[in-house]
Amino acid sequence: MEEVDVEPSTTLIPSAGFHRKHLGFEWGPGDLLVYETNYKLQGSPFVHIVRRDEDICSPILRKLFNESHLIFVGLQKIKEDIPSKNKKSQFVSISKNYRSVIRACMEELQQNAGKRSHDTHHVSILLAIELIWNLCEVLFIDTAPAGSLLLHLLDWVRLHKSDVDARAREVLQSDSPAQHQSYWDVVISLVLQGRTDEARQVLSKQASLREESSSVFKSMDGLLQTMPIFNPTGTQTLTEFEVKWRHWHEECDRCLQENTFASNRHLETICKILVGDEDTLLEQKELLSTWYHFLVTRLLFTHPTIKPPDLHYYAQSSMNMFLGPRASPEPLDIILLSAFEFDLHQVIKDCSIALNNWWFVAHLTDLLDHCKLLQSHNLHFGSNLREFLVLEYASGLFTHHSLWQLAVDYFDHCPEFGRVYLELQIERVPLDTERKAIKVLRICEDRQMSEQVRSICKIMAKRALRNNRLGSALSWSIRAKDAAFATLISERFLQDYSNKGSFTDLDLLDNLGPAMLLSDRLTFLGKYREFHRLYGEKRFSEAARLLLSLMTAKIAPRSLWMTLLTDALPLLEQKEVIFSVDQTYELMSCLEELNSGTKDSNLTDQDEDIESTKTELLRLALARNLTMAIVKEGTIET
């Protein structure tokens with residue numbers, strides 16, 4: 001998971017409630033707008049702590065965001081030109097990957113549920129999310145035909161009604177399974193889920209104890225064993241399966257009419273379930289627990305070859321029958337019913353309202369959009385549904401101090417408004433550390449966001465300058481290509497050199513390269529540092545030429561001429577002649593030009609004496625060097 005740079009900062013609201021009025025608030029994409037209302041305070045004012053998105057604050061759920069981000073990015077790489085048949089298997093695989101991430105987070109939250117109460121709340125939300133996603137996968141992404149559809153729905157129910165397995169283990173591991181209080185509940189629960197082989201295994205415990213009624217148990221075992229289950233990979237056609245299933249169903253009904261199981265009320269109940277008796281199924285409400293489990297069980301024993309278009313009728317009637325006239329459906333019931341009605345947009349709309357974050361609707365809608373199931377649905381303000389939801393989710397991520405980097409990829413894959421959102425949001429990322437600033441800068445540079453690059457560099461350059469970190473300030477100003485600020489920092493470098501007699505940040509100054517051309521002052525700073533380097537390496541002739549060129553080409557500011565002439569003194573006093581006759585005359589000309597200019601009125605008498613002494617020393621040194629240079633050059637000519 002992404003390393004956290006810093007803890008999120010606390011923002012104080014100055015003079016909140018100053019006029020003794022109530023404060024109102026409104027959620028933005030990820031921030032809170034607080035404002036004063038017209039309502040007067042009654043009694044003592046109170047400050048209430050308002051928290052919106054607790055999901056982002058949970059370390060476990062941050063894993064969900066991080067891992068689903070990788071799946072999202074992978075999904076965007078699926079090429080349009082791949083045949084749709086191959087795409088379908090890829091989309092189903094991606095959907096399962098999303099669900100596995102949800103379940104992993106859910107299991108981790110369940111382990112911590114005892115330690116933190118709000119984790120229990122998150123578990124219930126993730127359970128609902130995985131339930132809805134799994135159903136959408138079955139109905140819209142995998143698009144199973146008649147016969148196979150019910151098998152998928154059975155798997156869906158079994159996955160989300162897993163308490164049966166725990167109870168079955170408890171019964172079978174007991175000393176006397178057939179005498180266990182939950183024995184018949186387990187048998188009936190297994191039958192309700194179509195797990196006939198497992199039901200037979202548990203029933204065999206009872207049959208072995210009751211010799212006198214073994215024939216009754218054998219009859220039930222026969223019915224369960226011969227119950228036809230459609231095999232989509234087999235050679236049997238759907239019509240052949242329907243004929244076989246109808247014969248089996250008639251056999252179950254015959255046993256019921258002949259009172260074959262009248263001696264054992266539990267077996268008789270099972271037989272009524274096998275014939276799909278709705279009153280008997282409704283008597284098992286406690287074991288079924290939900291209307292959609294009731295729906296799938298009802299279809300299993302009355303209409304196993306249900307076709308997708310017919311689902312909505314059975315779903316609506318099952319919900320009405322199971323809940324009864326007095327109970328109102330919960331938001332989850334309405335969402336699932338919309339899915340069974342194949343109303344995708346209603347599913348997404350209701351999930352957006354019912355769930356407490358955009359994670360689910362953004363990722364599910366993106367996947368459905370890749371499956372070409374939402375192409376016709378555009379929103380009135382110009383964006384399509386998929387992009388709108390992805391943008392909302394990514395905007396929420398940008399408010400978090402470590403998850404904001406994930407949001408960049410989501411914006412990148414929103415072709416219409418993604419770049420605009422990214423430009424607006426990236427400016428709000430607090431540049432708490434230089435490391436974080438470099439991350440933000442790299443994102444902007446990779447996307448040619450030149451305005452944001454300049455803004456970030458200027459902010460960091462000014463901050464570094466305030467902290468007297470001249471090297472960092474210069475580096476940022478160069479990246480910003482800000483000539484004015486680079487000039488200002490170069491001045492500070494030169495001022496610092498004048499005070500200390502040495503340069504700081506030598507690595508930066510020695511490796512300016514073409515960047516020194518950004519401004520004249522920076523050019524001078526780079527060349528002046530090069531002069532000192534050449535002098536340190538005892539390359540006196542090169543150093544002398546460079547120093548002279550800085551003055552004669554007018555690159556050096558006039559205020560630093562005396563400093564440069566003073567730097568020439570050690571070269572003038574070398575035993576070997578460094579400056580030629582012409583070079584010496586140029587130095588003399590510079591010195592006289594400097595002395596003929598206007599005197600600095602701010603200089604004290606002591607400063608004037610020092611300047612005068614420097615001038616005299618330079619004149620003597622130049623005169624001496626000129627003499628030596630004339631003799632040397634005259635000797636060479638001779």
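As recorded in an unreviewed UniProt entry, the protein goes by Nuclear pore complex protein Nup85 and comes from Sinocyclocheilus anshuiensis. You can read under Subcellular location (unreviewed entry) in the UniProt record for the protein the words "Nucleus, Nuclear pore complex". Looking at the Function (unreviewed entry) heading of the UniProt record, one finds this comment for the protein: "Functions as a component of the nuclear pore complex (NPC)."

(A) Quick peek at the overall build of the protein. For the protein, the count of helices and strands is 31 helices and 2 strands. When burial is assessed residue by residue, the protein has 46% of its 638 residues classed as buried. Within the protein, contacts between residues at least 6 apart in sequence are counted, and of these 63% link residues at least 24 apart. Carbon and sulfur atoms make up 51% of the accessible area of the protein, which amounts to about 33,400 Å² in all.

(B) Local environment of helix α14 (residues 291-302). Here α14 is 12 residues long and its end C-alpha atoms lie 16 Å apart, about the 16 Å a rise of 1.5 Å per residue gives. Of all the 12 residues making up α14, 11 are buried; the element is thus mostly covered by neighbouring parts of the structure. Every buried residue belonging to α14 is among Trp291, Tyr292, His293, Phe294, Leu295, Val296, Thr297, Arg298, Leu299, Leu300 and Phe301, and all of these are buried.

(C) Summary view of the pattern of salt bridges. A complete count under the given rule lists 28 salt bridges for this structure. Here Lys96 ties to Glu137 by a salt bridge, and the two come within 3.3 Å at their closest N and O atoms. With a gap of 41 residues between them, Lys96 in helix α3 (residues 84-112) and Glu137 in helix α4 (residues 117-141) connect regions that are remote in the sequence.

(D) Expanded view of the packing of aromatic side chains. For the structure shown, the criterion picks out 23 aromatic pairs. Centre to centre, the rings of Phe230 and Phe241 are 5.5 Å apart; their planes meet at 70°, and the pair counts as edge-to-face. Of the two residues, Phe230 sits in the loop between α9 (214-226) and α10 (238-257) while Phe241 sits in helix α10, which places them 11 residues apart along the sequence. You'll find Phe230 and Phe241 in the same group, each marked buried. Through pairs of rings, three or more aromatic residues link up here, namely Phe65, Phe72, Tyr393 and Tyr410.

(E) Expanded view of the nonpolar core. Counting residues in hydrophobic clusters, the biggest one holds 190 residues, and the most contacted among them are Trp156, Leu274, Trp291, Phe340, Trp359 and Phe360. Ranked by residues supplied to this core, first place goes to α4 with 13 residues. The contact partners of Leu274, leaving out residues within four places of it in the chain, are Val191, Met220, Leu223, Leu224, Trp248, His249, Cys252 and Phe301.

(F) Up close: helix α22 (residues 434-446). When the terminal C-alpha atoms of α22 are compared, their 18 Å separation across 13 residues agrees well with the 18 Å that a helix rising 1.5 Å per residue should span. Along its buried surface, α22 packs onto α20 (404-412), α21 (418-426), α23 (450-466) and α24 (470-480).

(G) Highlighting the environment of Ser219. Counting through the fold element by element, Ser219 comes out in helix α9. Classification of Ser219 as partly exposed rests on a relative accessible area of 29%. Spatially, the C-alpha atom of Ser219 lies 8.2 Å from that of Thr260, the residues being 41 residues apart in sequence.

(H) Just the packing of α10 against α14, in detail. Following both chains from N to C, one finds α10 and α14 inclined at 95°, their axes separated by 10 Å at the closest point. Relative to α14, the element α10 lies roughly perpendicular. Side by side, α10 and α14 meet where Trp245, Trp248 and His249 of the first sit next to Leu300, Phe301 and Thr302 of the second. Looking at the contact of α10 with α14, its residues break down into 4 nonpolar, 2 polar and no charged.

(I) Spatial organisation of unusual backbone geometry. The backbone of Gln448 sits at a positive phi, close to 50°, despite the residue not being glycine. Here Gln448 lies in the loop between α22 and α23. With a phi angle near 60°, Lys538 is a residue other than glycine that sits in the positive phi range. Inspection of the secondary structure assignment puts Lys538 in the loop between α27 (520-536) and α28 (540-552).

(J) Structural view of the packing of helix α2 (residues 59-76) against α20. Closest axis-to-axis distance for the α2/α20 pair is 10 Å, and the angle between their directions is 25°. Comparing their axes, α20 and α2 come out roughly parallel. Considering how the two elements wind past one another, α2 and α20 form a crossing that is left-handed. Facing α2, whose interface residues are Phe65, Asn66, Ser68, His69, Phe72 and Val73, α20 presents Leu406, Asp409 and Tyr410. Among the residues forming the contact of α2 with α20, the class breakdown is 5 nonpolar, 3 polar and 1 charged.

(K) Examining the confidence of the model for the protein more closely. With 84% of its residues at a pLDDT of at least 70, the protein reaches an overall mean of 82. When pLDDT is averaged over each element of the protein, α14 comes out on top at 95 and helix α1 (residues 54-57) at the bottom at 54. Across residues 1-8, confidence stays below pLDDT 50; counting only partners more than four residues off in sequence or on other chains, it has 21 contacts.

(L) Quick peek at the side chain of Asn134. Tracing the backbone shows Asn134 in helix α4. According to the relative accessible area criterion, Asn134 is buried, its value standing at 5%. Separated by 3.3 Å, the side chains of Asn134 and His160 make a polar contact. Leave out the neighbours within four places in its chain, and Asn134 touches Arg99, Trp156, Leu159 and His160.

(M) Focus on the environment of Ala437. Here Ala437 shows up in helix α22. In contact with Ala437, other than residues within four places in its own chain, are Leu431, Ile456, Met460 and Trp476.

(N) The environment of His152, seen in detail. Assignment of secondary structure puts His152 in helix α5 (residues 148-160). Along the primary structure His152 and Leu139 are separated by 13 residues, whereas in three dimensions their C-alpha atoms are 9.1 Å apart. Setting aside chain neighbours within four positions, we find His152 in contact with Val138, Asp142 and Ala144.

Cut-offs applied
Per chain, residues are indexed from 1 in the order of the written sequence. Owing to the predicted nature of the model, reporting of local features is limited to residues with pLDDT of at least 70; listing and counting of side-chain atom pairs is limited to 80 or more, with chain, interface and lining totals taken over all residues. Water and hydrogen atoms play no part in the side-chain values, which are based on all heavy atoms of the structure. UniProt positions are given in the numbering used here, feature names are shortened, and annotations may be inferred rather than shown by experiment. Strands are runs of DSSP state E lasting at least two residues, helices are runs of H or I lasting at least four, and both sets are numbered from the N terminus onward. Whether a residue is buried, partly exposed or exposed follows from its accessible area with a 1.4 Å probe, protein chains only, as a fraction of its type maximum: under 20%, in between, or over 50%, in that order. We call two residues in contact whenever any of their non-hydrogen atoms come within 4.5 Å of each other. The protein chains shown are the only cover counted for residues, whose accessible areas, like all others here, come from Shrake-Rupley with a 1.4 Å probe. Helix span, as expected, comes to 1.5 Å for every residue beyond the first. The salt bridge criterion pairs a side-chain nitrogen of Lys or Arg with a carboxyl oxygen of Asp or Glu, the two atoms within 4 Å. For this analysis, a ring pair means two rings from Phe, Tyr or Trp (six-membered ring only for Trp) whose centres lie within 6.5 Å, classed as stacked if their planes differ by under 30 degrees, edge-to-face if by over 60, and tilted for the remaining angles. Only buried Ala, Val, Leu, Ile, Met, Phe, Trp, Tyr and Cys residues count toward a nonpolar core, and they belong to the same one when joined by side-chain atoms within 4.5 Å. Axis geometry follows a simple rule: fit a line to the C-alpha atoms, using only the stretch in contact for helices, then measure angles between N-to-C directions, giving values from 0 to 180 degrees. For this classification, under 35 degrees means roughly parallel, over 145 means roughly antiparallel, 65 to 115 means roughly perpendicular, and everything else is oblique. Here the nonpolar group is Ala, Val, Leu, Ile, Met, Phe, Trp, Tyr, Cys and Pro; Asp, Glu, Lys and Arg are the charged ones; every other residue, Gly included, is treated as polar. Take the far helix as your reference; a near helix turned counterclockwise from it by less than a right angle gives a left-handed crossing, and one turned clockwise gives a right-handed crossing. Looking at any residue, its pLDDT shows the predictor's confidence there, from 0 to 100. Identification of polar contacts relies on pairs of N or O atoms within 3.5 Å, with a donor-acceptor requirement for protein atoms, meaning one able to donate a hydrogen and the other able to accept it, and with residues adjacent in sequence counted only if both atoms are side-chain atoms.

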